[in-house]
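Close look at the chain arrangement
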Amino acid sequence: AVLHEWDACAQACAEAGFRVLLPNFHSNPRTAPGLALGVGEDDVMKILVTAISAHSKEPVILMGKSWGGAVAAKFAQRHPDMVRQLVLIC
């Protein structure tokens, strides 16, 4: 289901030598933990800054699909020093 749709991609990236983080920011409550009601885009940006800063000293390759793609694009625009490449999936 939605919660596991990135598993194969994450595994392939990890096998290719990439470090993979899979935060679940989906607003659908069936994809727990997901986002609680009232958590906005600015909150997600802060979470991403914290997560990326904690796990990488270098700019990252950031991927996103659908709503996550829009968030990833806005994050890259706001924090270009933290993003080396941006991958958007429609």
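Keep in mind that what you see is a predicted model, and the values were worked out from it rather than measured.

Attention shifts here to the overall build of the chain. Counting secondary structure elements, the chain contains 3 helices and 2 strands. Going through the 90 residues of the chain one by one, you find that 23% of them count as buried. Contacts in the chain between residues far apart in sequence, at least 24 positions, make up 49% of those at least 6 positions apart. Carbon and sulfur atoms make up 59% of the accessible area of the chain, which totals about 6,300 Å².

A regular strand places its side chains on the two faces of the sheet in alternate fashion. Pairing of strand 1 (residues 60–65) with strand 2 (residues 83–89) involves 6 bridges; the strand directions are parallel. Bridging from a neighbouring strand, Ile61 pairs with Gln85 of strand 2.

Mean pLDDT over the chain stands at 84; residues scoring 70 or higher make up 79%. The secondary structure element of the chain with the lowest average pLDDT is helix 2 (residues 41–55), at 90, and the one with the highest is strand 2, at 94.

This part is about a nonpolar patch on the surface. A contiguous nonpolar patch, built from Phe18, Val20 and Leu22 and spanning about 260 Å² of accessible area, is present on the exposed surface. Following the sequence through the fold, Phe18 ends up in the loop between helix 1 (7–15) and helix 2.

Another point: helix 3 (residues 67–78). Every α-helix carries 3.6 residues per turn, so stepping three or four residues along brings you back to the same face. For helix 3, with 12 residues, the first-to-last C-alpha span of 17 Å sits near the 16 Å given by 1.5 Å per residue. Burial in helix 3 covers these residues: Gly69, Val71, Ala72, Phe75 and Ala76. Down the axis of helix 3, the smallest arc covering the buried residues is 160 degrees, so these residues share one side. On its buried side, helix 3 packs onto helix 2, strand 1 and strand 2.

Below, the discussion takes up the pattern of salt bridges. Enumeration over the complete set of coordinates arrives at 4 salt bridges. Measuring nitrogen to oxygen at the nearest pair gives 3.1 Å for the salt bridge that ties Glu41 to Lys74. Of this pair, Glu41 sits in helix 2 while Lys74 sits in helix 3, placing them 33 residues apart in sequence. Judged by its relative accessible area of 27%, Glu41 is partly exposed. As a salt-bridge pair, Glu41 and Arg78 come within 3.3 Å of each other at their nearest N and O atoms.

With that settled, the discussion passes to the nonpolar core. Ranked by size, the top nonpolar core spans 12 residues in total: Val44, Met45, Leu48, Ile52, Val60, Leu62, Val71, Ala72, Phe75, Ala76, Met82 and Val83. At the level of secondary structure, the elements contributing two or more residues to this core comprise helix 2, strand 1 and helix 3. Among residues more than four places away in sequence, those in contact with Val60 are Ile52, Met82, Val83, Arg84 and Gln85.

Because side chains alternate across strand 1, one face comprises the buried residues Val60, Leu62 and Gly64, and the other comprises Ile61, Met63 and Lys65, none of which is buried. Crossover handedness for the path strand 1 to helix 3 to strand 2: right-handed.

About the criteria used
- Residues numbered from 1 in each chain as written.
- Predicted model: local features only at pLDDT ≥ 70, side-chain atom pairs only at ≥ 80, totals over all residues.
- Heavy atoms only, no water.
- Helix = DSSP H or I, 4+ residues; strand = E, 2+ residues; numbered from the N terminus.
- Buried < 20%, exposed > 50% of the residue type's maximum accessible area, 1.4 Å probe, protein only.
- Contact = heavy atoms within 4.5 Å.
- Areas by Shrake-Rupley, 256 points an atom, 1.4 Å probe, with all protein chains shown as cover.
- Pairing = 2+ DSSP bridges.
- pLDDT = per-residue confidence, 0-100.
- Patch = residues over 30% accessible without salt bridge, like charges linked within 9 Å, V, L, I, M, F, W, Y side chains within 5 Å.
- Salt bridge = Lys/Arg side-chain N within 4 Å of Asp/Glu carboxyl O.
- Expected span 1.5 Å × (residues − 1).
- Arc of directions from axis to C-beta.
- Core = buried A, V, L, I, M, F, W, Y, C linked by side-chain atoms within 4.5 Å.
- Right-handed = clockwise from strand over helix to strand, strands pointing away.

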